[in-house]
Amino acid sequence: VGMQRGPRHPQQLLPFSTGSGCCAREVLVPEGPLYRVIGTAVSIFCNVTGYDGLAQQDFEWFLYRPEAPEAALGIVSTKDTRFSYAIFGPRVAAGEIQVQRLQGDAVVLKIARLQAQDAGIYECYTPSTDTQYLGSYSGKVELRALPDVLQVSAALPGPRGRQAPASPPRLTVHEGQELALGCLARTSTQKHTHLAVSFGRAMPEAPVGRATLQEVVGLRADLAVEVGAPYAERLAAGEVQLGKEGADRYRMVVGGAQADDAGTYHCTASEWIQDPDGSWAQIGEKRAVLAHVDVQTLSSQLAVAVGPGERRIGPGEPLELLCNVSGALPPPGRHAAYSVGWEMAPAGAPGPGRLVAQLDTEGVGSLGPGYEGRHIAMEKVASRTYRLRLEAARPGDAGTYRCLAKAYVRGSGARLREAASARSRPLPVHVREEGVVLEAVAWLAGGTVYRGETASLFCNISVRGGPPGLRLAANWWVERPEEGELGTAPAQLVGGMDQDGVAELGVRPGGGPVSVELVGPRSHRLRLHSLGPQDEGVYGSWELMEKCWETRVTVAILSHPALDTLFVPLLVGTGVALVTGATVLGTITCCFMKRLRKR
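All values reported here derive from a predicted model rather than from experimental measurement.

**Here's the deal with the sheet that holds strand β4 (residues 60–64)**
- With mixed pairing, the five strands of this open sheet are ordered in space as β2-β9-β8-β4-β5. The two strands at the open ends of the sheet, each matched to only one other strand, are β2 (34–37) and β5 (73–77). Ignoring strand direction, the axes of neighbouring strands in this sheet form an average angle of 30°.

Here it is in structure tokens:
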């Protein structure tokens, strides 16, 4: 059945004035031919200009098939719902073919799924609303249907990029490790086309679809790399990478995996062709599921256990504690690193305490503050077992011990980021104290000293109780004033003598010579030669262990310009440690003040 409509080739008449402008009617459609792929959605735009009459124009679409180029087949109309030919009627009724109005004088013909028999010449016709025929009333464009030859699939690791099995795998990566996924994308379209390939992630258990897909990184048809907003910083830092290997294999690498990287990963390939007007049109798109990825966080896996149980030892005995780090953890190396240390808090003290010793991420050991000079070893004795050994325990070593493990992941530039930490349960350690009483008296010999002379400081020590064979160790220290406030600076060792009688010389505030001597079985002497105003400060005990009772005393050395003497309110202090063999049994601090008269 033929369809009646206005002439497609109207006679040219004299110009006339229209409500839309001074020009003749013109119907515009894209320049052809247009190549589109069977099974994909197609849109053809049409608009009219230079018309007279109503602002809302009607449009009718016709198809001329190659086998019958003179037969106009009515597809759809904006005016008549019964316009469609029988071959298009069901598809129009189902909404698979429709004309959508963009504005009063512009529409788009939409075909949801292109079929092979849809190829041909499409005509967009506008029934006349003009008082006279003038211009063109239709536009034509050829549409050619291409077979669907686009392929996309997951690629297994390997040089040949083998295709993955039909069922996507479930992968588990540790936090901080590298996630690498491959995709095969190819087409054999006879026309010149470009492929765009992108990798995306959907939340776990989310339905597959563009609305749920978060792009990670992709390669556009013009070979430019684009990245999803959440991954922009990681791409700039080099943690997210995309590469093309060979003709059809693409590889995405996400370094330093994080908890938010879990989900279902997809590869989307889209095919693009350049239309005659120079614009690029997408003619195909396919998506494949690559893998379901779980990220095992270090915080959920890291666990620390200590042993043996509660310890009771005597002074001088060795103390050994073991720490075992467990969990499904990646081995230390390129992606992860670990540090392990021991902390100790005195009995009843709040918090985890202070550091005793640790092994850092490079396996280098170090001692905590106050443990320098002790025979303490921290070592790795098995793949995940660490041992702390104190060769000779002291009473101050009693307390609660905890093992602290930290896990790090390596970011860009080998930068370490702490990802998790775990402390063990408390492990009580008891060190028996001997019944020893120490007493000490210190004084300044001579009463008065001048600048440039030698000041002699004595300390006499008495011992009551304890086992035979006891020996003494004594240290002298000083603190310098800071901004007029005494006692605020760190303590500085001036000199001392260990239990074997070996002298250790420190540094005086004034920089002059120092000597220490044992002048009697229980008497120690410190001499400050060439005394000067720089030697003023706060003198007290050099801390040998936690059980040291500390009392600070002041040495204020003032120079009198006229008499060139030192007017000294002198506070003298020593730290005394009682040892047997190499075992510290107890400590005491003695302080004494004597004000010298002005001479």
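The structure having been displayed, the exposition proceeds.
**Overview of the sheet that holds strand β27 (residues 385–390)**
- Spatially, β20-β22-β27-β26 is the arrangement adopted by the four strands of the open sheet, whose pairing is antiparallel. Of all the strands in the sheet, just β20 (303–307) and β26 (376–380) have a single pairing partner and so form its edges. On average, each strand axis in the sheet is inclined to that of its neighbour by 15°, with strand direction left out of account.
- Note: β26 against β27, five bridges, orientation antiparallel. Residue pairing across strands places Glu379 opposite Arg387, the latter belonging to β27.

**Some remarks on the pattern of salt bridges**
- Throughout the structure, instances matching the rule amount to 23 salt bridges.
- A salt bridge links Glu245 to Arg249; the nearest nitrogen and oxygen atoms lie 3.5 Å apart.
- Relative accessible area serves as the criterion here: at 37%, Glu245 is assigned to the partly exposed category.
- Glu285 is the partner of Arg287 in a salt bridge, and the nearest nitrogen-oxygen pair spans 3.5 Å.
- Accessibility expressed as a relative area gives 29% for Arg287, which makes it partly exposed.
- A residue is classified by how much of its surface remains accessible, and Glu285, at 32% relative accessible area, is partly exposed.
- Linked through salt bridges whose partners overlap, the residues forming this network are Arg234, Glu239 and Asp261.

**Overview of the state of the cysteines**
- Considering all chains together, one arrives at three disulfides under this definition.
- Bridging Cys46 to Cys124, the disulfide has an S-S length of 2.0 Å. For the disulfide bridge between Cys46 and Cys124, the dihedral angle about the S-S bond is near -85°, and by the sign convention the bridge is left-handed. Here Cys46, found in strand β3 (residues 42–49), pairs with Cys124, found in strand β8 (residues 120–125); they are 78 residues apart in sequence, far enough to count as distant.
- With a sulfur-sulfur separation of 1.9 Å, Cys183 is cross-linked through a disulfide to Cys267. The disulfide joining Cys183 to Cys267 has a torsion of about -75° about its S-S bond and is therefore left-handed. In this pair, Cys183 is assigned in strand β12 (residues 179–186) and Cys267 in strand β18 (residues 263–274), connecting sequence segments 84 residues apart.

**Describing the side chain of Ser523**
- Along the chain, Ser523 turns up in strand β37 (residues 523–528).
- On the basis of relative accessibility, which here comes to 12%, the residue Ser523 falls in the buried class.
- At 2.7 Å, the side chain of Ser523 and the side chain of Asn460 are in polar contact.
- Contact partners of Ser523, with chain neighbours within four places excluded, come to Phe458, Cys459, Asn460, Glu517 and Leu518.

Conventions adopted
Residues numbered from 1 in each chain as written. Predicted model: local features only at pLDDT ≥ 70, side-chain atom pairs only at ≥ 80, totals over all residues. Heavy atoms only, no water. Pairing = 2+ DSSP bridges. Helix = DSSP H or I, 4+ residues; strand = E, 2+ residues; numbered from the N terminus. Axes fitted to C-alpha atoms, helices over the stretch in contact; angles between N-to-C directions. Salt bridge = Lys/Arg side-chain N within 4 Å of Asp/Glu carboxyl O. Buried < 20%, exposed > 50% of the residue type's maximum accessible area, 1.4 Å probe, protein only. Disulfide = S-S within 2.5 Å. Polar contact = N/O pair within 3.5 Å; in protein donor to acceptor, adjacent residues only side chain to side chain. Contact = heavy atoms within 4.5 Å.

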